[in-house]
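This is what each chain is made of:
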Amino acid sequence: MWPSLLLLLLLPGPLPLSGMDDTAFPHLGESSQPPPRACPLRCSCPRADTVDCDGLDLRVFPDNITRAAQHLSLQNNQLQELPYNELSRLSGLRTLNLHNNLISSEGLPDEAFESLTQLQHIYVAQNKLSVAPQFLPRSLRVADLAANQVMEIFPLTFGEKPALRSVYLHNNQLSNSGLPPDAFRGSEAITTLSLSSNRLSYLPPSLPPSLERLHLQNNLISKVPRGALSRQTQLRELYLQHNQLTDSGLDATTFSKLHSLEYLDLSHNQLTTVPAGLPRTLAILHLGRNRIRRVEAARLHGARGLRYLLLQHNQLGSSGLPAGALRPLRGLHTLHLYGNGLDRVPPALPRRLRALVLPHNRVAVLGPRDLTATPRLAELNLAYNRLASARVHRRAFRRLRALRSLDLSGNQLTRLPMGLPSGLRTLRLQRNQLRMLEPEPLACLDQLRDLNLAHNRLRVGDIGPGTWHELQALQVLDLSHNELSFVPPDLPEALEELHLEGNRIGHVGPEAFLSTPCLRALFLRANRLHMTSISAEAFLGLPNLRVVDTAGNPEQVLIRLPPTTPRGPRAGGP
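All values derive from a computational prediction rather than experimental measurement.

Caption draft 1: Seen up close, the overall build of the protein. In terms of regular secondary structure, the protein is built from four helices and 23 strands. A globule of 574 residues ought to have a C-alpha radius of gyration of about 25 Å, yet the protein, at 35 Å, is considerably larger. In the protein, which comprises 574 residues, the share counted as buried stands at 50%. Across the protein, the fraction of contacts at a sequence separation of at least 24, relative to all contacts at a separation of at least 6, is 48%.

Caption draft 2: Here's a closer look at the side chain of N198. If you trace the backbone, N198 turns up in the loop between β8 (192-194) and β9 (213-215). You can call N198 buried: its relative accessible area is 7%. At 3.0 Å, the side chain of N198 forms a polar contact with the backbone oxygen of L195. Within the structure, N198 has its side chain in polar contact with the backbone oxygen of S196 (distance 3.1 Å). With residues near it in sequence (within four places) discarded, N198 still touches L169, H170, N171, N172, Q173, L174, N218 and N219.

Caption draft 3: Local environment of unusual backbone geometry. Non-glycine residue Q126 carries a positive phi angle of around 55°. Along the polypeptide, Q126 turns up in the loop between β5 (121-123) and β6 (142-144). Of note, A526 is a non-glycine position whose phi angle comes to about 55°, a positive value. With respect to the helices and strands, the residue A526 is situated in the loop between β22 (521-523) and β23 (547-549).

Caption draft 4: Quick look at the environment of S88. Looking at the element boundaries, S88 is found in helix α2 (residues 84-88). One polar contact links the side chain of S88 to the main-chain carbonyl oxygen of N85, over a distance of 3.1 Å.

Caption draft 5: The pairing of strand β1 (residues 44-47), seen in detail. Of the pairings in the sheet, the one linking β1 to strand β2 (residues 50-52) comprises two bridges and is antiparallel in character. Bridge assignment links R47 to a residue of β2, and that residue is T50. Adjacent in sequence and paired antiparallel, β1 and β2 are bridged by two residues.

Caption draft 6: Spotlight on the pattern of salt bridges. Overall, the coordinates contain nine salt bridges when judged by the stated rule. The residue E212 makes a salt bridge to R213 at a minimum N-O spacing of 3.8 Å. The partly exposed category is assigned to R213, whose relative accessible area is 23%. Residue E212 is joined to R236 by a salt bridge in which the shortest nitrogen-to-oxygen separation is 3.6 Å. Taken as a pair, E212 in the loop between β8 and β9 and R236 in the loop between β9 and β10 (237-239) lie far apart in primary sequence, 24 residues in all.

Caption draft 7: Spatial organisation of the packing of aromatic side chains. With the rule as written, the count across this model stands at three aromatic pairs. With a centroid separation of 6.2 Å and 20° between ring planes, the pair formed by F158 and F184 is classed as stacked. Here F158 is found in helix α3 (residues 155-158), whereas its partner F184 is found in the loop between β7 (166-168) and β8, with 26 residues between them in sequence. A single burial state applies to F158 and to F184, both of which are buried. Between Y239 and Y263 the ring centres are 5.1 Å apart and the planes differ by 40°, which places this aromatic pair in the tilted class. Of this pair, Y239 sits in strand β10 while Y263 sits in strand β11 (residues 263-265), placing them 24 residues apart in sequence.

Caption draft 8: Spotlight on the nonpolar core. Counting 149 residues, the largest nonpolar core has F397, L453 and F513 as the members making the most contacts within it. Beyond its immediate chain neighbours, meaning those up to four positions away, L453 contacts L416, L429, Q430, L434, L437, L458, W468, L477, D478, L479 and N482.

Caption draft 9: Quick look at the confidence of the model for the protein. Scored by pLDDT, the protein has a mean of 91; 91% of the residues are at 70 or more. Segment residues 565-574: pLDDT under 50, and 33 contacts once partners within four positions in sequence are set aside and those in other chains are kept.

Caption draft 10: Structural view of the state of the cysteines. Tallying each qualifying case throughout the model produces two disulfides. Across the disulfide from C39 sits C45; the S-S distance is 2.0 Å. In this structure the cystine formed by C39 and C45 twists about its S-S bond by roughly 90°; its chirality is therefore right-handed. Each sulfur of the disulfide joining C43 and C53 lies 2.1 Å from the other. Taking the sign of the torsion about the S-S bond as the criterion, the disulfide between C43 and C53, at about 110°, is right-handed. Within this pair, whereas C43 is found in the loop between α1 (2-10) and β1, its partner C53 is found in the loop between β2 and β3 (71-73), the two being separated by 10 residues in sequence. As far as burial versus exposure is concerned, C43 and C53 are alike and both buried. Should the bonded cysteines of the protein be numbered as they appear in the sequence, the pairing reads 1-3, 2-4.

Caption draft 11: Quick peek at the environment of G341. Mapped onto the secondary structure, G341 falls in the loop between β14 (334-336) and β15 (355-357). Considering only alpha carbons, one finds G341 and L316, 25 residues apart in sequence, at a separation of 6.7 Å. The residues contacting G341, other than those within four sequence positions of it, are G317, S318, N361 and R362.

Caption draft 12: Representation of the environment of L491. Within the fold, L491 resides in the loop between β20 (476-478) and β21 (497-499). The exposure class of L491 is buried, given its relative accessible area of 4%. For the pair L491 and D182, spaced 309 residues apart in the sequence, the C-alpha separation amounts to 71 Å. In this structure L491 touches W468, L477, L498, S515 and T516, once residues within four positions along its chain are discounted.

Caption draft 13: View of the side chain of T550. Structurally, T550 is set in the segment after β23. Note on T550: relative accessible area 0%, which makes it buried. A polar contact is formed between the side chain of T550 and the backbone oxygen of V557, at a distance of 3.1 Å.

What counts and how
- Residues numbered from 1 in each chain as written.
- Predicted model: local features only at pLDDT ≥ 70, side-chain atom pairs only at ≥ 80, totals over all residues.
- Heavy atoms only, no water.
- Helix = DSSP H or I, 4+ residues; strand = E, 2+ residues; numbered from the N terminus.
- Rg over C-alpha atoms; globule rule 2.2 N^0.38 Å.
- Buried < 20%, exposed > 50% of the residue type's maximum accessible area, 1.4 Å probe, protein only.
- Contact = heavy atoms within 4.5 Å.
- Polar contact = N/O pair within 3.5 Å; in protein donor to acceptor, adjacent residues only side chain to side chain.
- Pairing = 2+ DSSP bridges.
- Salt bridge = Lys/Arg side-chain N within 4 Å of Asp/Glu carboxyl O.
- Phe/Tyr/Trp six-rings, centres within 6.5 Å; stacked < 30°, edge-to-face > 60°.
- Core = buried A, V, L, I, M, F, W, Y, C linked by side-chain atoms within 4.5 Å.
- pLDDT = per-residue confidence, 0-100.
- Disulfide = S-S within 2.5 Å.

Next comes the structure, spelled out in structure tokens:
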């Protein structure tokens with residue numbers, strides 16, 4: 001019996017009873033469980049193929065990274081180099097994120113990526129590279145080397161990559177000499193290329209014909225060589241703003257082959273005319289901040305599909321946009337002419353125009369026929385011109401039945417214009433010289449929701465009886481910075497937001513807001529109110545009131561809202 005007893009004593013536990021399997025004793029199966037997943041110290045490994053070491057202030061490449069890793073994030077650290085022996089182990093990597101480190105070109109050996117034959121996404125932006133890697137894997141899809149100090153790339157950096165779709169090289173120090181003519185040879189799938197904020201002096205030749213988006217803004221480009229864009233028939237967006245382009249740097253063929261182009265930005269250059277040869281597909285053309293003195297219809301014939309034309313801050317003056325100049329643009333939706341020295345609304349504008357933006361010009365007259373050519377106009381901005389009431393004809397707006405927003409702020413109006421379109425939703429008249437309000441100009445504006453009369457010279461006695469009567473839909477009224485001594489009576493019933501700051505109001509009586517039961521926000525700051533200036537009953541009928549701002553008065557004014565009023569933020573104090 002002794003041998004049997006000895007055998008029992010050596011067993012790790014009690015013998016299983018007949019009819020029971022190992023599941024009754026979980027500890028017996030522990031040896032078959034997989035070992036704990038290896039993960040570098042302080043990093044996280046949410047999946048077997050993912051290692052995240054983001055923002056750990058690492059100075060050396062972490063060890064103990066599993067060979068199974070496919071996605072490795074080392075961004076936001078202080079790495080200065082990538083050890084080849086560590087990186088070569090990770091042959092299954094598909095994503096390598098090194099964004100925002102201190103890696104120099106010397107710390108990124110040429111052979112570093114030789115073993116990464118499955119790498120698809122590499123992010124090395126915001127490091128200290130002075131030259132690009134000589135070789136990147138053929139499997140690459142996205143390469144981001146932006147915000148370094150790269151002065152040179154090589155033929156196999158981005159060349160011979162049939163799957164490569166996006167290359168980001170913006171905010172570097174690339175000149176044309178650092179960009180070889182075969183830089184993208186064999187990479188016929190690239191759709192996005194960003195070379196903005198570099199030192200290029202002309203548009204690089206031999207760009208991929210597959211491009212759909214090309215960013216070249218903020219360079220030193222003064223010329224687009226003939227034929228440089230002749231193969232880019234799929235290009236949809238071209239950004240050339242903030243360069244040194246002149247009329248002689250472009251020719252009639254520069255853009256003519258871009259049969260898919262929809263968006264072209266040439267703003268902030270030195271052009272004096274609209275470029276020739278614009279494609280029919282173009283929908284948005286930015287020409288702001290150039291030196292354009294005249295727009296000719298012949299230059300726009302090819303761009304008949306144009307929807308948005310931005311010409312702000314040029315030098316068109318009184319004759320730079322003659323009648324018929326925009327006639328080819330029958331589908332034009334928006335025309336921006338901000339800051340051009342125009343003294344009248346341009347004649348014969350496209351009939352389908354929906355938005356006309358003319359602020360900061362010298363328009364002094366608005367005649368009865370100046371706007372008749374644009375009956376579909378929904379937005380008209382004539383802010384900060386030289387319009388006086390006597391020179392705005394009472395029939396100037398009569399054809400604008402679709403007008404919804406009218407901005408006449410910053411002019412010299414002393415009274416409201418007559419004949420305003422009944423469909424207006426927004427009317428801006430701040431910073432004029434309005435001295436009176438009469439019911440007649442507002443009589444038909446029963447759809448108006450936002451009326452801004454701030455920074456004028458209005459007094460309560462100058463507001464005629466019944467002025468607000470027809471404004472049944474008005475929700476926002478700004479009467480700030482006028483000369484009001486008390487809250488105007490009989491304000492519109494639908495009003496939700498009332499601005500009265502910066503006036504001379506010294507008293508708010510119990511009847512002040514009887515006509516505005518929907519009021520939600522009231523601004524009374526910077527008036528002449530004291531502790532006893534506001535009647536306690538003034539807010540009793542305002543169940544929706546959330547904001548009462550009384551700051552900046554001679555004394556701190558505390559507002560007690562009725563208990564039934566939902567509480568919200570309230571400003572008060574000196």
